[in-house]
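The chain contents come next:
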Amino acid sequence: GAVVSQHPSWVICKSGTSVKIECRSLDFQATTMFWYRQFPKQSLMLMATSNEGSKATYEQGVEKDKFLINHASLTLSTLTVTSAHPEDSSFYICSARDPLAADQETQYFGPGTRLLVL
Amino acid sequence: AQKVTQAQTEISVVEKEDVTLDCVYETRDTTYYLFWYKQPPSGELVFLIRRNSFDEQNEISGRYSWNFQKSTSSFNFTITASQVVDSAVYFCALSEPHTGGFKTIFGAGTRLFVKA
């Protein structure tokens, strides 16, 4: 299957700072990537759909100005948590689909980023 | 509306036992896709299987097997002769065609503990 990487794998930051998380598709080009958030012992919640060359589509209740998404190339999407606060601490996971693959409906996930805001 | 229900929050079995994880879905579309993912303690989601709505054939892959029943809107997952390494959270997911692609929702997950 397709490979998706994510960086960093974990980050600890002070309240009020901004944190950038990168998501890369390593062996395919992804016009669309997805950002999820997962709280402990809970399911994945879709935050936004990242579209290459255009604005991201945010799910209801997700603050666009808080979670900035940039999809500047076909292999890279970034999520920036601006002015992070302790309640933003979570596990953030990205995924991507390979539009040219036979299983283009399948999402392949990155390893996730654990964010802890002190 | 899309919905995926995994009624079993946690399951605990002893090694070598068989275990079935249930998944029931709701959709209005005739074309859709169903998935199972495994999330071990490390956190990374591992793709296990994809099924489209027109293919009701059951599938077996090693100790894993899947039973897709459209009549009951279920897509259950069975692990035969479970092993400690199977301990993880398992998510069932449903994808439907949506503007610009597919929209996927995940069930709440079933946490499986396999004891030695």
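Rules behind the numbers
Residues numbered from 1 in each chain as written. Chains lettered and ligands numbered in written order. Predicted model: local features only at pLDDT ≥ 70, side-chain atom pairs only at ≥ 80, totals over all residues. Heavy atoms only, no water. Helix = DSSP H or I, 4+ residues; strand = E, 2+ residues; numbered from the N terminus. Buried < 20%, exposed > 50% of the residue type's maximum accessible area, 1.4 Å probe, protein only. Lys, Arg positive; Asp, Glu negative; His and termini not counted. Charge placed at Lys NZ, Arg CZ, Asp CG, Glu CD. Core = buried A, V, L, I, M, F, W, Y, C linked by side-chain atoms within 4.5 Å. Contact = heavy atoms within 4.5 Å. Phe/Tyr/Trp six-rings, centres within 6.5 Å; stacked < 30°, edge-to-face > 60°. Lys NZ or Arg CZ within 6 Å of the ring centre and 35° of its normal. Pairing = 2+ DSSP bridges. Axes fitted to C-alpha atoms, helices over the stretch in contact; angles between N-to-C directions. Disulfide = S-S within 2.5 Å.

A. The arrangement of the overall build of chain A in detail. If you tally the helices and strands in chain A, you get 0 helices and 11 strands. If you list the helices and strands of chain A from N to C, you get β-β-β-β-β-β-β-β-β-β-β. Expressed along its principal axes, the backbone C-alpha trace of chain A runs to roughly 45 × 30 × 25 Å. Per-residue burial over chain A gives 53% buried out of 118 residues. Side chains of chain A give 10 positive and 11 negative charges; the mean places of these two sets differ by 8 Å.

B. Examining the nonpolar core more closely. Judged by nonpolar contacts, the single largest core of 26 residues is most densely connected at A:V4, A:W35, A:F67, A:I69, A:L79, A:Y92 and A:L115. Residue assignment for this core shows that the elements contributing at least two residues are β2 (10-13), β3 (19-25), β4 (32-38), β5 (44-51), β7 (67-73), β8 (76-81), β9 (90-96) and β11 (113-117) of chain A. Once residues lying within four places of it in the same chain are set aside, the contact partners of A:I69 are A:W35, A:A48, A:S50, A:A56, A:Y58, A:S77, A:T78 and A:L79. Formed by 23 residues, the second largest nonpolar core is a distinct cluster that contains B:V19, B:Y32, B:W66 and B:C92.

C. The arrangement of the packing of aromatic side chains in detail. Taken as a whole and judged by the stated rule, the model has 20 aromatic pairs over all chains. Judged by centre distance (6.5 Å) and plane angle (85°), the rings of B:F91 and B:F106 are edge-to-face. With a gap of 15 residues between them, B:F91 in strand β10 (residues 88-98) and B:F106 in strand β11 (residues 101-106) connect regions that are remote in the sequence. Owing to a relative accessible area of 1%, B:F91 belongs among the buried residues under this scheme. For B:F106, a relative accessible area of 9% translates into the label buried. Here the aromatic residues A:Y36, A:Y108, A:F109, B:F35, B:Y37, B:F47, B:F91 and B:F106 are joined through ring pairs into a cluster of three or more. Directly above the ring of A:F91 sits A:R114, whose terminal nitrogen or CZ lies 4.2 Å from the centroid.

D. Looking closely at unusual backbone geometry. Of note, the bond from A:H7 into A:P8 is cis; its omega dihedral lies within 30 degrees of zero at 0°. Within the secondary structure layout, A:P8 lies in the loop between β1 (4-7) and β2. With phi around 60°, A:K41 is a residue other than glycine that occupies positive phi space. Summarising the element assignment, A:K41 is placed in the loop between β4 and β5. Positive phi outside glycine occurs at B:S73, with the angle close to 50°. Its location among the elements puts B:S73 in the loop between β8 (64-69) and β9 (74-79). Judged by its relative accessible area of 23%, B:S73 is partly exposed.

E. Seen up close, the sheet that holds β1(A). Residues and elements named next belong to chain A. Ordered in space as β1-β3-β8-β7, the 4 strands form an open sheet in which the pairing is antiparallel. One side of each edge strand has no neighbouring strand; the edge strands of this open sheet are β1 and β7. Within the sheet, the average angular offset between the axes of one strand and its neighbour, ignoring direction, is 15°.

F. Fine view of the state of the cysteines. If you walk through the whole model with that rule in mind, you get 2 disulfides over all chains. Disulfide pairing places A:C23 opposite A:C94 at an S-S distance of 2.0 Å. Linking A:C23 and A:C94, the disulfide has an S-S dihedral of approximately 80° and is accordingly described as right-handed. Here A:C23, found in strand β3, pairs with A:C94, found in strand β9; they are 71 residues apart in sequence, far enough to count as distant. In this model B:C23 forms its disulfide with B:C92; the gap between the sulfur atoms is 1.9 Å. Its S-S torsion of about -65° marks the bond between B:C23 and B:C92 as left-handed, since a negative value means left-handed. In this pair, B:C23 is assigned in the loop between β3 (19-21) and β4 (24-26) and B:C92 in strand β10, connecting sequence segments 69 residues apart. Each member of the pair B:C23 and B:C92 is classed as buried. With no disulfide of its own, A:C13 lies closest to A:C94 among cysteine sulfurs, the gap being 18 Å.

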